[in-house]
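Single-letter residue listing:
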Amino acid sequence: MDVKTVMVVGAGQMGSGIAQVCAQAGYEVYLHDLDEELVNKGFERISKSLSRQVEKGRMTEGEKTLVFDHLFKSTDLQHAQYADVVIEAAIENMDMKKNIFAELDKYAPEHAILATNTSSLPITEIAAATARPEKVIGMHFMNPVPAMKLVEIIRGLATAEDVYKEIEAMAVNLHKTPVEVNDFPGFVSNRILMPMINEAAYTLYEGVATKESVDRVLKLGMNHPMGPLELADFIGLDTCLYIMETLHEGFGDDKYRPCPLLRKYVKAGWLGKKSGRGFYLYD
């Protein structure tokens, strides 16, 4: 299949980043969300991201304009009828994703591949909401999408080999490095990362060390660019908690039990950088 048109469902931070890299790679891209205001915010994120590239001399104004020539706004899922690949980047909620995929299955052409950017939910279960489970696949980008090279590609139980190969080739065309992963809770990235963040939260909760000391140990002792608590704030503590709950439920193992401090912060609305307060305070 010759992929020419991509639809990205969800114009948030991840979705707008995915739309940007797809447009930069020359695909025609529909960026979709529930209303015009959300789509416009996605376009603003893309504009700011590209402007930074222009300021750094990595892109010209003409090249930035060309990227926007490939971008189209959508508030109607029926635009999926034009897509060769649809990449869903909505919130991490299984019921919502299944509803979206059931709708996309109605509108997308028969040949279209339906991909999800889920960071932890089972691809096989999402695929079961469609009549084309063989054409459903996981395509988990890292945040921030324009800067991060990795894409985890996750096969569902029924995902066809040619679908995997097509998405692998697309990831390469986006200047990403695809890594094949099987359909287990958290895949590889979050199965390893989130328990580390959770354990860092337990270390703070139990009074072993201050948040600054916990982060400093990982940065200076293990050469991590960012400490685990600082990283959790960047990701969003609600997202971290949700993924830990998914791991805990998926494996039934108490080693994945979310830290009570993480739960308390989320209940308080301390979600990290996006809310102005998490483990740290932000202006």
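Per an unreviewed UniProt entry, the recorded name for the protein chain is 3-hydroxybutyryl-CoA dehydrogenase, and the organism is Lederbergia lenta. UniProt's Pathway (unreviewed entry) comment on the protein chain is quoted here verbatim: "Lipid metabolism; butanoate metabolism." Looking at the Sequence similarities (unreviewed entry) heading of the UniProt record, one finds this comment for the protein chain: "Belongs to the 3-hydroxyacyl-CoA dehydrogenase family."

> Please set out the overall build of the protein chain residue by residue, giving values where relevant.
Check the secondary structure of the protein chain and you find eleven helices and eight strands. Compactness check: the protein chain gives a C-alpha radius of gyration of 19 Å against a globular reference of 19 Å for 283 residues, within 12% of the reference. Overall, the protein chain is about 55 × 45 × 35 Å in size when its C-alpha atoms are taken along their principal axes. Taking all 283 residues of the protein chain together, 48% fall into the buried category. A separation threshold of at least 6 residues defines the contact pool for the protein chain, and within that pool the share at least 24 residues apart is 67%. Accessible area for the protein chain stands at about 13700 Å²; split by element, carbon and sulfur atoms hold 52% of it.

> I'd like a description of the nonpolar core, backed by residues and values.
Ranked by internal contacts, the top residues of the largest apolar core, which has 38 residues, are Cys22, Ile87, Met139, Phe141 and Met170. Tallying contributions element by element places helix α1 (residues 13-24) first for this core, with six residues. Setting aside its immediate chain neighbours within four residues, Phe141 contacts Met14, Ile18, Ile87, Asn117, Leu150, Val151 and Leu174.

> Explain unusual backbone geometry residue by residue, including any values.
With an omega dihedral of 0 degrees, the bond running from Asn143 to Pro144 counts as a cis peptide bond. Mapped onto the elements of the fold, Pro144 is located in the loop between β6 (136-141) and β7 (150-155). Of note, Phe187 is a non-glycine position whose phi angle comes to about 55 degrees, a positive value. Within the secondary structure, Phe187 sits in the loop between β8 (177-181) and α7 (189-205). Despite not being glycine, Asn223 shows a phi value in the positive range, around 65 degrees. With respect to the secondary-structure elements, Asn223 resides in the loop between α8 (211-221) and α9 (228-235).

> Give a description of the UniProt feature "domain: 3-hydroxyacyl-CoA dehydrogenase NAD binding" (unreviewed entry) in the protein chain that names residues and reports values.
The positions that UniProt labels "domain: 3-hydroxyacyl-CoA dehydrogenase NAD binding" (unreviewed entry) are, in the present scheme, residues 5-183. With 41% helix and 22% strand, the stretch residues 5-183 has end C-alpha atoms that lie 27 Å from each other.

> Could you give an account of the packing of α8 against α9, naming the residues involved and the relevant values?
In the contact formed by α8 and α9, the axes pass within 7 Å of each other and the chain directions differ by 100 degrees. As summarised for this structure, α8 and α9 are arranged roughly perpendicular, according to the angle between their axes. Contact residues: α8 offers Lys211, Val214, Asp215, Leu218 and Lys219, while α9 offers Pro228, Leu229 and Glu230.

> A description of a positive patch on the surface should follow, citing residues and the corresponding values.
A cluster of basic residues, Arg45, Lys48, Arg52, Lys56 and Arg58, forms a positive patch on the protein surface. Here Lys48 lies in helix α2 (residues 36-55).

> Quick rundown of the sheet that holds strand β2 (residues 28-32)? Include the residues and the values.
The sheet built from eight strands is open, its strands ordered β3-β2-β1-β4-β5-β6-β7-β8 with mixed pairing. Because the sheet does not close on itself, it has two edges, and the strands there are β3 (71-74) and β8. On average, adjacent strands in this sheet sit at an angle of 25 degrees to one another, irrespective of strand direction. Judged from the three bridges that link them, strand β5 (residues 113-116) and β6 form a sheet pairing that is parallel. What sits directly across from Thr116, in β6, is Gly138. Lying over the sheet, α2 contacts β2 and β3, oriented at roughly 155 degrees with respect to β3.

> Report on the domain arrangement of the protein chain, specifying residues and quantitative values.
As assigned here, the protein chain comprises domain 1 (5-182) and domain 2 (190-273). When domain 1 packs against domain 2, the two sides together hide about 550 Å² of surface, and 55% of this comes from carbon and sulfur. Three residues, Glu92, Ser119 and Ser120, lead the burial of domain 1 against domain 2; their summed loss comes to 56% of the area buried on that side. Between the two partners, domain 1 and domain 2, sit zero salt bridges. Counting across the interface, domain 1 meets domain 2 through two residue pairs in polar contact (both at pLDDT 80 or more).

Each value, and the rule that gives it
- Residue positions within a chain follow its written sequence, with the count starting from 1.
- Predicted model: local features are reported for residues with pLDDT of at least 70 only, side-chain atom pairs are reported and counted for 80 or more only, and whole-chain, interface and lining totals are derived from all residues.
- Excluded from the side-chain calculation are hydrogens and water; included are all heavy atoms of the structure.
- UniProt positions are given in the numbering used here, feature names are shortened, and annotations may be inferred rather than shown by experiment.
- Secondary structure is summarised from DSSP: a helix means a run of H or I of at least four residues, a strand means a run of E of at least two, and numbering begins at the N terminus for each.
- As a reference, a globule follows 2.2 Å times the number of residues to the power 0.38, and the radius of gyration itself is taken over C-alpha atoms.
- The cut-offs for exposure are 20% and 50% of the maximum accessible area for each residue type, with area from a 1.4 Å probe on protein chains only; residues under the lower value are buried, those over the upper are exposed, and the others partly exposed.
- In what follows, residue pairs with any heavy atoms lying within 4.5 Å of each other are defined as contacts.
- Reported accessibility uses the Shrake-Rupley method at a 1.4 Å probe radius. Residues are deemed covered only where the shown protein chains occlude them.
- In plain words, nonpolar cores are sets of buried Ala, Val, Leu, Ile, Met, Phe, Trp, Tyr and Cys residues tied together by side-chain atoms within 4.5 Å.
- Whenever a helix is involved, its axis is fitted only over the stretch in contact; in every case the axis is a line through C-alpha atoms, and angles between N-to-C directions fall within 0 to 180 degrees.
- Roughly parallel here means an angle under 35 degrees, roughly antiparallel means over 145, roughly perpendicular means 65 to 115, and every remaining angle is called oblique.
- The patches described consist of residues with a relative accessible area above 30% and no salt bridge, like charges being joined within 9 Å and nonpolar side chains (Val, Leu, Ile, Met, Phe, Trp, Tyr) within 5 Å.
- Here, a salt bridge means any side-chain nitrogen of Lys or Arg that lies within 4 Å of a carboxyl oxygen of Asp or Glu.
- All tallies of charge rest on Lys and Arg as positive and Asp and Glu as negative; His and the ends of each chain are not included.
- For charged residues, the charge sits on one atom: NZ in Lys, CZ in Arg, CG in Asp, CD in Glu.
- Strands pair, by our definition, only if DSSP identifies at least two bridges between them.
- An automatic or database domain assignment is the source of the domain bounds shown.
- A simple way to read buried area is as the amount of 1.4 Å-probe accessible surface that goes missing from two parts once joined, with both sides added.
- Any pair of nitrogen or oxygen atoms within 3.5 Å is treated as a polar contact; in protein, a donor-acceptor pairing is required on top of that, and neighbouring residues in sequence qualify only through side-chain atoms on both sides.

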